[in-house]
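# Breakdown of the fold
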Amino acid sequence: MNILIMGPAGSGKGTMSKKLHDEFGVAHISTGDMLRENVKNNTPLGHQAKDFMETGRLVPDELINEMVKERLLRADVEKGYLMDGFPRTLVQAKAFEDITKEINKPVDIVVNLKVDVDTLAARITGRRVCKNCGAIYHIKNSPSKVEGICDVCGNATVQRPDDTLEQLQVRLKEHTTNTEPVLDYYREKGLVQDFEASRPADEVWLEIKQAIEAIF
Ligand code: AP5
């Protein structure tokens, strides 16, 4: 089961990835989460990525491709992968195709989440994430039981530095310029399935689950 999940900032990639991982046990590989971990741990990659991330710009392809290649060689990918937020440029898509040929795991489906801009803005500004385990909340749609405290691990929930309306505009522009051509690339291969993802999370999940079950 080899899945890509795509969509603009706040479309629900992380939320749906968690459900896919829990339901099907597929390795969830989020380039955003991996980069944030590097920033948190002050690694050389984290230093190089930090400014790009905080201003909503894409991190350079060569850094991302190397990080992903290393990750895809780990044992848990044996059962398949769920790429969340990668590839985001045509250069990444081509590099990814080479890696997937090497490991003999071609993409089975691209899940594309479509959400209108006003909904994205409300989701991004209301999102809170756990500093420790990364669990995702929303102050209105899915609040933690105790405000500011993660239900899963009891640590503090925070707002991501790039979750402002200003950075959202940059992230949406990056998506239009760099990531929509990637979607076209997979569309030509007949791999893309579109999901109207402005609706409540449970409804979106049901449709994605059915689409995945129809393939595997
Ligand atoms: P990344 O972490 O991938 O951020 P993103 O693509 O902007 O996506 P988000 O994480 O913001 O949103 P999401 O779609 O996962 O939504 P979520 O499920 O959390 O990347 C961050 C940065 O890292 C990039 O800007 C870039 O700098 C760098 N980067 C990462 N990958 C890269 C790459 N490949 N190349 C170069 N640079 C890269 O949901 C959002 C909120 O909405 C939550 O509060 C959630 O509870 C709520 N919600 C979700 N679904 C629903 C629903 N159906 N109904 C109601 N509320 C919902």
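Structure report, in brief. (Residues numbered from 1 in each chain as written. Predicted model: local features only at pLDDT ≥ 70, side-chain atom pairs only at ≥ 80, totals over all residues. Heavy atoms only, no water.)

Let's shift gears to the pairing of strand β3 (residues 81–84). The two faces of β3 match: Tyr81 and Met83 on one face and Leu82 and Asp84 on the other face are all buried. Two strands pair when backbone bridges link them, and strand β1 (residues 3–6) and β3 are joined in this way by three bridges, in the parallel orientation. Residue pairing across strands places leucine 4 opposite methionine 83, the latter belonging to β3. Pairing of strand β2 (residues 27–30) with β3, which is carried by four bridges, proceeds in the parallel orientation. When the bridges of β3 are listed, isoleucine 29 appears paired with methionine 83. (Buried < 20%, exposed > 50% of the residue type's maximum accessible area, 1.4 Å probe, protein only. Helix = DSSP H or I, 4+ residues; strand = E, 2+ residues; numbered from the N terminus. Pairing = 2+ DSSP bridges.)

Cis peptide bonds are those with omega within 30 degrees of zero, and the linkage from phenylalanine 86 to proline 87 qualifies with -5 degrees. Of note, proline 87 is situated in the loop between β3 and α5 (90–102). Within the chain, asparagine 42 stands out as a residue other than glycine whose phi angle is a positive 55 degrees. Looking at asparagine 42, the relative accessible area reads 54%, which means it is exposed. Unlike most non-glycine residues, asparagine 104 shows phi in positive territory, near 55 degrees. By the secondary structure assignment, asparagine 104 is in the loop between α5 and β4 (109–114).

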